[in-house]
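Okay, here's what each chain looks like letter by letter:
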Amino acid sequence: MTARTVLQQADITRALTRIAHEILESNASHDGASSRIVLLGIPTRGVLLARRLGAILEQLAPGAAEVGALDVTMYRDDLARQPTRTPSPSSVPSDGIDGKTVVLVDDVLYSGRTVRAALDALSDLGRPRAVRLAALIDRGHRELPIRADFVGKNLPTSQTQRIYVKLLESDGQDLVAVFDEEDQG
Amino acid sequence: MRHLLSVRDLDRGAAVGILDLAEDMADVATRAVPRLPTLRGRTVANLFFEDSTRTRLSFEAAAKRLSADVITFSAKGSSVSKGESLKDTAQTIAAMGIDAVVLRHPASGAARVLADGQWIDAAVINAGDGMHEHPTQGLLDAFTMRKAVHGTASRGTGLDGLRVTIVGDILHSRVARSNIWLLKTLGASVHLVGPETLLPAGVGAWPVTSGTDLDDALAGKPDVVMMLRVQGERMHAAYFPNEREYSRQWGLDDARLARLAPDTMVMHPGPMNRGLEISSAAADSARSLVLDQVANGVSIRMAVLYLVLSGSEGRGAV
Amino acid sequence: MSPLTSLLIRGATLPDGTATDLLVDHGVIAERGSGLSQTGSTVIDAAGLQALPGLVDLHTHLREPGFEQSETVLSGSRAAAAGGFTAVHAMANTSPVADTAGVVEQVASLGEQHGYTTVRPVGAVTVGLAGERLSEIGAMAQSRAAVRVFSDDGRCVSDALLMRRALEYVKTFGGVIAQHSQEPRLTEGAQMNEGALSSELGLAGWPAVAEEAIIARDVLLAQHVGARLHVCHLSTAGSVEVIRWAKARGIRVTAEVAPHHLLLDEQLVAGYDARFKVNPPLRRSEDVLALRAALAEGVIDIVATDHAPHPIETKECAWQEASFGMVGLETALSVVQAAVVDSGQMSWADVARVLSGKPAEIGRLSGYDAPFTVGAPANVTLVDPGARRVFGVELLRGKSVNTPYLGRELPGRVVATVHRGVPTVLDGELRTPEEVANHVE
């Protein structure tokens, strides 16, 4: 079996901590004012990562960030081709996202289509001051002009490979691994 | 989900899934832009062999909120009224590239026949077939009850232990049938009340209790009282002597309303005959969920349209 | 094969279980015994085959005149021959209705020309089946068609006075009224058997009492006027009890059951497939069992097909818009075998009685009272009871395909049918119209 572990638990924690710092730094605008940050995780694991980032940010700058979830199922462009997906609930701050800095959080950035759907979903929810993108893994092969602002690890892959992200909250362990497709019988 | 023909095709997980999805859809209605791009480029045909403005408008609103295109064929002013067969109409709309058909038909089983016939590939949603079923009505009623019981904590829940009394013309009611099976699936218990002539033959074999005395039934303090529409023509077919007697025996009048517990839910699938099966005071009381039913209908139909139209490509190979 | 060519059937098993050779010549059984031979005759090796007297159907819809898109006398006769029948009784609900001597003579002579089977027209009881005035029963009885069975089948003679008069009047001509027992008001809009299932499916119920009440009334009327009554396609356990009671009182009533009511029950309606829509409707499984027992016991006298061809568009539609009826000639014998022979409830001798001897007797059809005796008309059906086949439309020989048995495995296969000495089916295949038609005078 040709599974290759690329991030262990400590690596994931380190990556998230670095991203949290970068988010804070980038949020200080040139005129010195900063806006509220809303971390919106894209289900399923993006939501878990957004919560972890939120916890780290809370240590660094209490009250600076809110955490929510943004389901993009209804905005996907591949609904007819894929088996039916069950949407997860979205949750956004009760006072909305207008004027805030939204950071979309996902586990793996790949074609960019999920992010495209998320941008459409966001525009139906309100008008943020800025939208940023954080991904634990960027594996390349973009099909749209989209790039991440904050990346845990750039991981060049071939399209036949699959990336598994496991998180303590959902899978009982923290791990990122690469599998070759032929092993996935 | 390939089609929605009968609530009996839904197990508890599937039924709760639809209700949960409808919660998401209901949230959409509260937003500045109450529209999702989900079904952009897909076409839904409302095929109504029987007039029903409410159901048709509800499906139209649902499809439009999901950005689908809607074509409506209704009984009046189209070939549907000229005795064209279900098969011919179906093939005509299939030739137009329709992705889903919402079918209302006076014949029981029509949706099933359309889905089982090899005439079309489109998904079929039963919007009422004769005296058989009206699945989206059953779902929206269940959704309305669940919302009233669990509020914002509705997701994932059923209707366990809820006691529902359905009153009136059970025999001819597709709404009653869809409610009965779905409510059982979701864990509620159902009691039917009506004149013996309007209780179905063999009702003893159904998973319900039944009786003829409305006052007895109300004394049992049900959580939900659902009044069914009584159609005038039943009187002429000797199901009951006249409207006055029906109303006295089986109408939810002001006196009966006053005896209900304050949190008893009063429901009616509409359109109501005020003064016959339900008094105006009952229809407009704080207990009445009639308008919630209408609003929730759109959310349920959005959920159903989404479920039958997502993952639909490549079905030809199956 | 010329009409005068003889036919030698070797080693057939007769209904009584004995094996014999049969020599058929000049339309009759010429010789019977073992080791028969005849130079120049066509030989059928019937070893292992069951010989039955030619089957007689008392209840067939041939649709001609008027509904030739569904069936004609020719196509229906071919379906009959393929099913082992040598005589059918053609119901009167054609267009025009068979309520005059002219129509019944036309139908009978078409049957005679084609030669596949004897076609005995049934005359309408009332003009236009309208249930108002008696039709010309006497004229039809005395016509060349010599009608003896009168029925408004498809409709019930529900008016008690008219029924009484009809029962009395046909006595004059040795006829019988075959009643379609269905109280019309109790079955308005009826779609299927009334019960928990009809309620669940939202289909208007056809209650058993609507059949039983008419049968009860009619047997009392028959007793009162001392007439003969035949009850068509009875379908419920309750009807069996009424017939049993009537027979015990000496009332001259005979009863028939349709093959589908011996094999299929109402559960098949659940998919709304209109091929299962029939009148009277498929009943409960308890009714099916009661009908089988009553047939074996003799309370029910005969099996009759109620062969009811319909064009495809009247079945490819919503249930309540579909026509009632199933084709049944090609499958009747197999269905009877599946329902009551293979289960051991009935012998082949019983089958010969309920599908040939008794229906011929009720219809006053001659030539069936002493089958397989030397000199008797050679109406013979040879069946391979060991055959099994999955039934498909390719096995139908009539014009319509509204059979409920598609995809169902059925036992038995008609290998040969001989009608008045002329083979209409050989080696399991229908013979051509030319081969058959010219032989019959």
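Residues numbered from 1 in each chain as written. Chains lettered and ligands numbered in written order. Predicted model: local features only at pLDDT ≥ 70, side-chain atom pairs only at ≥ 80, totals over all residues.

> When you look at the overall build of chain A in this model, what are you seeing that I'm missing?
Within chain A, the secondary structure is distributed over four helices and eight strands. Across chain A, helices and strands are ordered from the amino to the carboxyl terminus as β-α-β-α-β-β-α-β-β-β-α-β. Considered along the principal axes of its C-alpha atoms, chain A spans approximately 50 × 40 × 30 Å. Across the 185 residues of chain A, 37% fall into the buried class. A fraction of 67% describes how many contacts in chain A between residues 6 or more apart in sequence connect residues 24 or more apart. (Helix = DSSP H or I, 4+ residues; strand = E, 2+ residues; numbered from the N terminus. Buried ≥ 20, exposed ≤ 12 C-beta atoms within 10 Å, placed from the backbone. Contact = placed C-beta atoms within 7 Å.)

> Would you mind showing me how to read the overall build of chain C here?
On a plain count of helices and strands, chain C comes out with 12 helices and 19 strands. Computed over the C-alpha atoms, the radius of gyration of chain C is 21 Å, within 12% of the 22 Å expected from 2.2 N^0.38 for a compact globule of 441 residues. Each principal axis of the C-alpha atoms in chain C carries an extent, and together these give about 65 × 45 × 45 Å. Looking at the 441 residues of chain C, the share that counts as buried comes to 59%. Across chain C, contacts joining residues at least 24 apart in sequence account for 75% of those joining residues at least 6 apart. (Rg over C-alpha atoms; globule rule 2.2 N^0.38 Å.)

> Is there a simple way to explain unusual backbone geometry in this structure?
Most peptide bonds take the trans configuration, and most residues that are not glycine carry a negative phi. Residues and elements named next belong to chain C. Residue P65 is reached from E64 by a cis peptide bond, and omega for that bond is 5°. If you trace the backbone, P65 turns up in the loop between β6 (55–60) and α1 (73–82). At the junction of N279 and P280, the peptide bond is cis and its omega measures out at -5° in the coordinates. With respect to the helices and strands, P280 occurs in the loop between α8 (259–263) and α9 (285–297). Of note, R420 is a non-glycine position whose phi angle comes to about 45°, a positive value. Here R420 lies in the loop between β17 (409–419) and β18 (422–426).

> Help me understand the pairing of strand β16 (residues 380–390) of chain C, please; the structure alone is not making it clear to me.
A regular strand places its side chains so that they alternate between the two faces of the sheet. All names here are of chain C. Pairing between strand β5 (residues 50–53) and β16: four bridges, direction antiparallel. For A51, the partnering residue across the bridge sits in β16 and is L382. Relative to β17, β16 runs antiparallel, the two being bridged by eight bridges. Residue pairing for β17: V380 is matched across the bridge by V418. (Pairing = 2+ DSSP bridges.)

> Explain the domain arrangement of chain C here, please?
Think of interface size as the accessible area that goes away when the parts come together; that is how it is often given. All names here are of chain C. According to the domain assignment, chain C contains domain 1 (7–50 + 377–387 + 411–436) and domain 2 (52–362). Relative to domain 2, the C-alpha centre of domain 1 lies at a distance of 29 Å. Counting only elements with at least two residues in the side of domain 1 that touches domain 2, the list comes to β16, β17, β18 and α12 (433–437). For the side of domain 1 that touches domain 2, the leading source of residues is β17, giving five residues. (Domains from an automatic or database assignment.)

> I would appreciate a short explanation of the interface of chain C and chain B in the present structure.
Across the boundary between the two partners, chain C contributes 18 residues, which contact 23 residues of chain B. Looking at which element gives the most residues to the side of chain C that touches chain B, the answer is helix α5 (residues 196–201) of chain C, with four residues. Residue composition of the side of chain C that touches chain B, grouped by class: seven nonpolar, seven polar and four charged. (Nonpolar A, V, L, I, M, F, W, Y, C, P; charged D, E, K, R; others polar.)

> In this structure, what is going on with helix α3 (residues 113–125) of chain A? I would like to understand it.
In an α-helix, one turn spans 3.6 residues, which is why side chains three or four residues apart end up on the same side. Residues and elements named next belong to chain A. Taking 1.5 Å as the rise per residue, α3 with 13 residues should run 18 Å; its terminal C-alpha atoms sit 19 Å apart, in good agreement. Those residues of α3 lying buried are T114, V115, A117, A118, A121 and L122. Down the axis of α3, the buried side of the element spans an arc of 155°, and every buried residue falls inside it. Contacts made by the buried residues of α3 are with β4 (101–109) and β5 (130–138). (Expected span 1.5 Å × (residues − 1). Arc of directions from axis to C-beta.)

> What's the story with the packing of helix α1 (residues 12–29) of chain B against helix α12 (residues 290–309) of chain B in this structure? I'm lost.
When two helices pack together, their arrangement is captured by the angle between the axes and the distance separating the axes. All names here are of chain B. The N-to-C vectors of α1 and α12 enclose an angle of 115°; their axes lie 8 Å apart at closest approach. Where α1 crosses over α12, the two elements pack in a sense that is right-handed. Each of I18, L21, A22, M25, A26 and A29 in α1 lies in contact with α12, whose residues at this interface are S299, I300, M302, A303, V304, Y306 and L307. (Axes fitted to C-alpha atoms, helices over the stretch in contact; angles between N-to-C directions. Left-handed = near helix turned anticlockwise from the far one by under 90°.)

> Sorry, what's going on with the sheet that holds strand β3 (residues 100–105) of chain B here?
Across a sheet, paired strands are connected by hydrogen bonds in the backbone, their directions being either parallel or antiparallel. Residues and elements named next belong to chain B. Strand order in the open sheet formed by four strands is β2-β1-β3-β4, with parallel pairing between adjacent strands. Edge positions in the sheet fall to β2 (69–74) and β4 (123–129), since each has one partner strand and no second. Across the sheet, the axes of successive neighbouring strands diverge by a mean angle of 15°, strand direction being ignored. Relative to β2, strand β1 (residues 43–48) runs parallel, the two sharing six bridges. Counterpart to T43 in the pairing with β2 is D69.

> How should the sheet that holds strand β10 (residues 176–179) of chain C be read in this particular structure?
All names here are of chain C. The five strands are arranged β9-β10-β13-β14-β15 in an open sheet whose pairing can be described as parallel. Edge positions in the sheet fall to β9 (149–150) and β15 (302–303), since each has one partner strand and no second. Pairing analysis gives two bridges linking β9 to β10, with the strands arranged parallel. Its bridge partner being in β10, F150 is matched across the sheet by I177. On top of the sheet, helix α6 (residues 208–225) reaches β10, β13 (229–231) and β14 (253–257); it is set at about 165° to β13, its chief contact.

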